[in-house]
Amino acid sequence: MSVRITSLSDLAALGFDDIIDARSPSEYAEDRIPGAISLPVLNDEERAQVGTIYVQEDPFKARKIGAALVARNAATHIQGPLADREGGWKPLVYCWRGGQRSNSFASILSQIGWRADVIEGGYRTYRRLVVDMLHRAPLPHRLMLIDGGTGTAKTRLLHHIAAAGGQVLDLEGLASHRGSLFGMVGEEQPSQKAFESGIAMALTRLDPARVTFVEAESSKVGDLLVPPSLWKAMLASPYVEVTAPIAARAEHLVTSYPDIVDDADRLARTLDRLVKYHGRDVVGGWHELAQDGNWAGLAHQLVETHYDPRYKRIRREAEPERVLDLADLTDATLAEAAKALVASV
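For clarity, every value in this text was computed on a predicted model and none was experimentally measured.

Asks: Help me understand helix α14 (residues 275-291) in this model?
Replies: Side chains that are three or four residues apart share a direction in an α-helix, a result of its 3.6 residues per turn. Along its 17 residues, α14 runs just 17 Å from first to last C-alpha, ending more than 12% under the 24 Å computed at 1.5 Å per residue. Approximately 75° is the largest bend angle found in α14, and it occurs at Asp281. Every buried residue of α14 is listed here: Val275, His278, Val283, Trp286, His287, Leu289 and Ala290. Remark: Gly293 follows α14 within two positions and exhibits a positive phi of approximately 75°.

Structure, rendered in structure tokens:
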């Protein structure tokens, strides 16, 4: 049975126990429905093999070989990841366009007695809904931006806002990037499509009538573009500006970037990228601070010399809705500020 999805909110309301992505591992890695588990019925090599035979030799031969591979892989999944599923298990299966891969797998699962359905149109239906939301239609959400210079703990403040009951969209978390030159979290960022999937599903869970707090990013978070509908909404939204003493900001940066502090080669490479802005003498001094382990001093100079001048050049024309002039960036102070912000909207 095919399930028709006309909005992203439909996915959460369908009530399936698991969503199964039957596409190849590379397709799954690029993007998938958030929360879907990967159980490919054809791996990348098998998919290429079947496709080549279909085009260059004979479609019937390709379908026959493909069916054998699907059956073999389905058996592996049933005996492996699905071995503990009970009789009442209800999975939703999808492939690229809701065709042979998902229907074949769902048919096998149904023969066992599980209540398996497929998504009509497959992943392409889902992706079209994401594009409609983030590229074509204006967002209905009421946004409030959290702005401020580097090191003002904006992301931590967002987390405290969420803990205080506020609605939050964490773009840096979704992008696996802290939004600065030193910002990469882990080995790599998600793909652009996966980033947009995360944003779309996060927005779907939020109430558009309530204010949603978002960190004031540029149009890119690392290498990922903020999708156009969200970016337009952010540009038109009011903002809160966070300020704090440079010493507190430097301390926050040191504690928030342990991966940079622990990786001397990565830090050196990143500092070298600043030579074109500040010259070799200045950057050489920063290298010396790093070699001496003077992380607070390095963070202080980066904020004062590199980040703050750039932040001032891109200041908004509109005045902030509110200024949070924080004496420090402790969790207690941020929690208090967050409660006040949530109560004010």
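Moving on, there is more to tell.
Asks: It is not clear to me how the packing of aromatic side chains should be interpreted in this structure. Could you clarify?
Replies: Two measures describe an aromatic ring pair: the distance that separates the ring centres and the angle between the ring planes. If you walk through the whole model with that rule in mind, you get three aromatic pairs. Where Trp89 meets Trp114, the ring centres are 4.9 Å apart and the plane angle is 85°; that geometry is what we call edge-to-face. Of this pair, Trp89 sits in the loop between α4 (59-79) and β4 (91-94) while Trp114 is found in the loop between α5 (100-112) and β5 (117-119), placing the two residues 25 residues apart along the sequence. Each of the two residues, Trp89 as well as Trp114, counts as buried. A connected cluster of aromatic rings, assembled from ring pairs, spans Trp96, Tyr123 and Tyr126.

Asks: Can you walk me through the layout of surface pockets in this structure?
Replies: A water-sized probe, rolled over the atoms, reveals where empty space remains. The space that makes up the second largest pocket amounts to roughly 590 Å³. In terms of lining, the second largest pocket is formed by 19 residues, of which the most central are Leu42, Val50, Arg97, Gln100 and Arg101. Breaking the lining of the second largest pocket down by element, the ones donating at least two residues are α3 (44-56), α4 and α5. With six residues, the top contributor of residues to the lining of the second largest pocket is α4. Residue classes in the lining of the second largest pocket are distributed as ten nonpolar, five polar and four charged.

Asks: Could you clarify how one ought to interpret the sheet that holds strand β7 (residues 167-169) in this entry?
Replies: Pairing is parallel in the open sheet, where five strands are placed in the order β7-β8-β6-β11-β12. Either end of the sheet is taken by a strand with one partner, and the two such strands are β7 and β12 (322-325). With strand direction ignored, the average angle separating the axes of adjacent strands in the sheet is 25°. Where strand β11 (residues 239-243) meets β12, four bridges bridge the pair, whose relative direction is parallel. Among the inter-strand pairings, Val242 is bridged to a residue of β12, identified as Leu324.

Asks: Just checking my understanding: could you explain the sheet that holds strand β2 (residues 18-21) for this structure?
Replies: Within a sheet, adjacent strands bond to each other through the backbone by hydrogen bonds, running parallel or antiparallel. Strands sit in the order β1-β5-β4-β2-β3 across an open sheet of five strands; the sheet is parallel. Edge positions in the sheet fall to β1 (2-3) and β3 (37-38), since each has one partner strand and no second. In this sheet, β5 lies alongside β1 in parallel orientation, the contact comprising two bridges. Within β5, the residue paired with Val3 across the bridge is Ile119. Where α5 meets the sheet, its contacts fall on β2, β4 and β5, and the angle it forms with β4 comes to roughly 155°.

Asks: What is the right way to look at helix α16 (residues 331-344) in this model?
Replies: Taking 1.5 Å per residue, 14 residues should reach 20 Å; α16 reaches 20 Å between its end C-alpha atoms and fits that length. Buried within α16 we find Leu334, Ala337, Ala338, Leu341 and Val342. On an axial view of α16, the arc spanned by its buried residues comes to 135°, and they lie on one face. Facing away from the buried side of α16 by more than 90 degrees, the exposed set consists of Ala332, Glu336, Lys339 and Ala343. Looking at the packing, one finds that the buried side of α16 touches β6 (142-148), α7 (154-163), β8 (211-215), β11 and β12.

Asks: Please explain the side chain of Lys154 as it appears in this structure.
Replies: Residue position: Lys154 is located in helix α7. Put simply, Lys154 is tucked away with no salt bridge, and the nearest opposite charge, on Glu215, sits 4.1 Å away. From its side chain, Lys154 meets the backbone oxygen of Gly148 in a polar contact 3.1 Å long. Excluding its chain neighbours within four sequence positions, the residues that come into contact with Lys154 are Ile146, Asp147, Gly148, Gly149 and Glu215.

Asks: I'm lost on the pairing of β11 in this one. Help?
Replies: A regular strand places its side chains on the two faces of the sheet in alternate fashion. Burial analysis of β11 places four of its five residues in the buried class, which makes it a mostly covered element. Relative to β11, β6 runs parallel, the two being bridged by four bridges. What sits directly across from Gly148, in β11, is Val242.

The rules behind these values
Residues numbered from 1 in each chain as written. Predicted model: local features only at pLDDT ≥ 70, side-chain atom pairs only at ≥ 80, totals over all residues. Heavy atoms only, no water. Helix = DSSP H or I, 4+ residues; strand = E, 2+ residues; numbered from the N terminus. Expected span 1.5 Å × (residues − 1). Bend = angle between axes of the 7 residues up to and from the residue. Buried < 20%, exposed > 50% of the residue type's maximum accessible area, 1.4 Å probe, protein only. Phe/Tyr/Trp six-rings, centres within 6.5 Å; stacked < 30°, edge-to-face > 60°. 1 Å grid on protein atoms, 1.4 Å probe; cavity = no way out; pocket = protein on both sides within 12 Å on 5 of 7 lines; lining within 4 Å. Points joined across faces, edges and corners; volume = space filled by probe spheres on them. Nonpolar A, V, L, I, M, F, W, Y, C, P; charged D, E, K, R; others polar. Pairing = 2+ DSSP bridges. Axes fitted to C-alpha atoms, helices over the stretch in contact; angles between N-to-C directions. Contact = heavy atoms within 4.5 Å. Arc of directions from axis to C-beta. Lys, Arg positive; Asp, Glu negative; His and termini not counted. Salt bridge = Lys/Arg side-chain N within 4 Å of Asp/Glu carboxyl O. Polar contact = N/O pair within 3.5 Å; in protein donor to acceptor, adjacent residues only side chain to side chain.

None of this, on its own, says anything about what the molecule does.
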